[in-house]
Amino acid sequence: MLTDTKIKVHNFSAGPCILPREVFEQAAQAVLDFEGSGLSILEISHRSKPFEAVMAKAQALVKELLGAPDHYQVVFLGGGASMGFHMVPLNYLRPGGKAAYVNTGEWASRAIKEAKAIGDTVVVASSEDKNFSYIPKGFSIPADADFFHFTSNNTIFGTQYKQFPKSPVPVVCDMSSDIFSRPVNVADFALIYGGAQKNMGPAGATVYLLDPNALGKTGRKLSPMLDLKNHADKESMYNTPPVYAVYVSMLTMDWMKRQGGVVEMEKRNAAKARLLYAAVDALPVFQGTTAVEDRSVMNATFVLKDKALEPTFDALWKEAGISGIRGHRSVGGYRASMYNALPIESVQVLVDVMNEFAKKHG
Ligand SMILES: *Cc1c(COP(=O)(O)O)cnc(C)c1O
């Protein structure tokens, strides 16, 4: 077994991202011998009893962690959240109907692009005018829209809704990068979906937490593979689900539950974000890139006021064992992603580096 638990690398990657060490150990063990069966998790049938139990537990944990109403269903599919961008309008937009979206960045823009390919899509608010550095507020959602879509956390630009918009129509949310980071009222959503690789598990699985009563209303003829109702009815077993990604997601959710659930995650994430943003604000060499009230607790974006010093700063954090804080190629600067499994000790290491850098170059 793996015994070296000392943190060697402080992994701030935006996704795929850090998962708990004990999950890596359990996941590694299951590749060699899944639950004492003598078989690897990689070679068992998805219809075997032990895997059916894994799937059932993963589905139950999503609902339990988020406190979803009993009748909600959980579906695990491949294709990423990006496939979700396509499936959402197919499953919720009536032919001749209208979809309402907010544009808060790269992922929201891509979701809008997919919706426009399916039908009439109105963008009710956008923060593109200021390079997506804030969350639009005070917009209205047309009451005749079939659904309203927004992105709860903008992974690339580092903004996050602190309060969710009130909507007169069913709400669909891409929660890829902050699901399980805080409590949400699931009953307010017809659908919450997200790629697993940012707080829930490894890449390969996409989770759909849905109200089955909101499905099957469009009258649109759907291919079975693109029909969420079909996948929900078939318990995510219509075709082979991403077995290993679902298994590792189940382990990660079980870890969250043992830690105290999303209430505890929210507490830890708030402490990490406070620590990092305090350094950004206190040290004049750094500058945050987003409106303060909309700052993401998951992905903190900042720049150096003097860009010429980037190589010097980069050398410092690399030497400290920090990985993955380079900003997205479309934004530049820096992005520290602080997902659930990132320990606050890693944030402290980064803050120490920032202080040291500021002392020399401030
Ligand atoms: C990463 C991300 C996506 C894209 O996920 P894929 O699984 O790569 O398709 C979509 N939305 C948000 C908010 C993301 O952070």
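Residues numbered from 1 in each chain as written. Predicted model: local features only at pLDDT ≥ 70, side-chain atom pairs only at ≥ 80, totals over all residues. Heavy atoms only, no water.

Side note on the sheet that holds strand E5 (residues 147-151)
Worth spelling out the cut-off: When DSSP locates at least two bridges between a pair of strands, those strands are taken to pair. Helix and strand definitions follow DSSP, with helices as H or I runs of at least four residues and strands as E runs of at least two, each counted in order from the N terminus. In this description, a line fitted to the C-alpha atoms serves as the axis of each element, helices being fitted only across the stretch in contact, and the angle between N-to-C directions of two axes falls anywhere from 0 to 180 degrees. Any pair of residues with heavy atoms lying within 4.5 Å of one another is described as a contacting pair.
Taken in spatial order, the seven strands make up an open sheet running E2-E10-E9-E8-E5-E3-E4, and their pairing is mixed. Looking at the sheet topology across the chains shown, the edges are occupied by strand E2 (73-77) and strand E4 (120-126). On average, each strand axis in the sheet is inclined to that of its neighbour by 20°, with strand direction left out of account. Judged from the three bridges that link them, strand E8 (residues 171-174) and strand E9 (residues 191-195) form a sheet pairing that is parallel. Note on E9: the bridge partner recorded for Val172 is Leu191. Docked against the sheet, helix H4 (residues 106-118) engages strand E3 (98-103), E4, E5 and E8, running at close to 160° with respect to E3.

Notes on the pairing of E4
Stated formally: Crossover handedness is defined here as right-handed if the route from the first strand over the helix to the second strand goes clockwise, with the strands pointing away from the viewer.
Bridge count for E3 against E4 is six bridges, and the pairing is parallel. Opposite Val102, over in E4, you have Ala125 as the bridge partner. Each parallel crossover has a hand, and for E3 linked through H4 to E4 it is right-handed.

Re the site of the ligand
Filter applied, for reference: One heavy atom suffices: a residue is near a molecule or strand as soon as one of its heavy atoms comes within 4 Å of it. Think of a polar contact as two N or O atoms within 3.5 Å of one another; within protein, one of them needs to be a possible hydrogen donor and the other a possible acceptor, and neighboring residues in sequence only count if both atoms come from side chains. The method behind every accessible area is Shrake-Rupley, applied with a 1.4 Å probe, and residues are considered shielded solely by the protein chains displayed. Residues are sorted three ways: Asp, Glu, Lys and Arg are charged, Ala, Val, Leu, Ile, Met, Phe, Trp, Tyr, Cys and Pro are nonpolar, and all the rest, Gly among them, are polar.
By nearness alone, 13 residues border the ligand, and Ser82, Thr155, Asp174, Gln197 and Lys198 come closest of all. Between the ligand and the protein, one listed contact pairs an oxygen atom with a backbone N or O atom of Ala81 at 3.1 Å. Between the ligand and Thr155 there is a distance of 2.4 Å, counted from an oxygen atom to a side-chain nitrogen or oxygen. Protein coverage of the free-state accessible area of the ligand, which is 390 Å², stands at 88%. Among the elements that take part in the shell around the ligand, helix H3 (residues 80-92) stands out by supplying four residues, more than any other. The class makeup of the residues in the shell around the ligand is three nonpolar, eight polar and two charged.

So, the domain arrangement of the protein
As a reminder of what qualifies: Where each domain starts and ends follows an automatic or database-derived domain assignment. Here the buried area means the combined drop in accessible surface, using a 1.4 Å probe, for two parts upon being joined, counting both sides. Between Lys or Arg on one side and Asp or Glu on the other, a salt bridge is scored when a side-chain nitrogen of the former is within 4 Å of a carboxyl oxygen of the latter.
Structurally, the protein comprises domain 1 (23-259) and domain 2 (261-361). Residue-level contacts link 26 residues of domain 1 with 27 residues of domain 2. Summed over both sides, the interface of domain 1 with domain 2 buries roughly 2200 Å², with 52% coming from carbon and sulfur. Of all residues in domain 1, the largest losses of buried area upon contact with domain 2 belong to Ile156, Gly158 and Gln259, amounting jointly to 22% of the total for that side. The tally of links from domain 1 across to domain 2 stands at two salt bridges. The closest approach of N and O atoms between Asp294 and Lys137, which form a salt bridge, is 3.0 Å. Counting across the interface, domain 1 meets domain 2 through 17 residue pairs in polar contact (both at pLDDT 80 or more). Considering every element that reaches the side of domain 1 that touches domain 2, the biggest residue donor is helix H6 (residues 243-259), with four residues. Class assignment of the residues belonging to the side of domain 1 that touches domain 2 gives a composition of 10 nonpolar, 10 polar and six charged.

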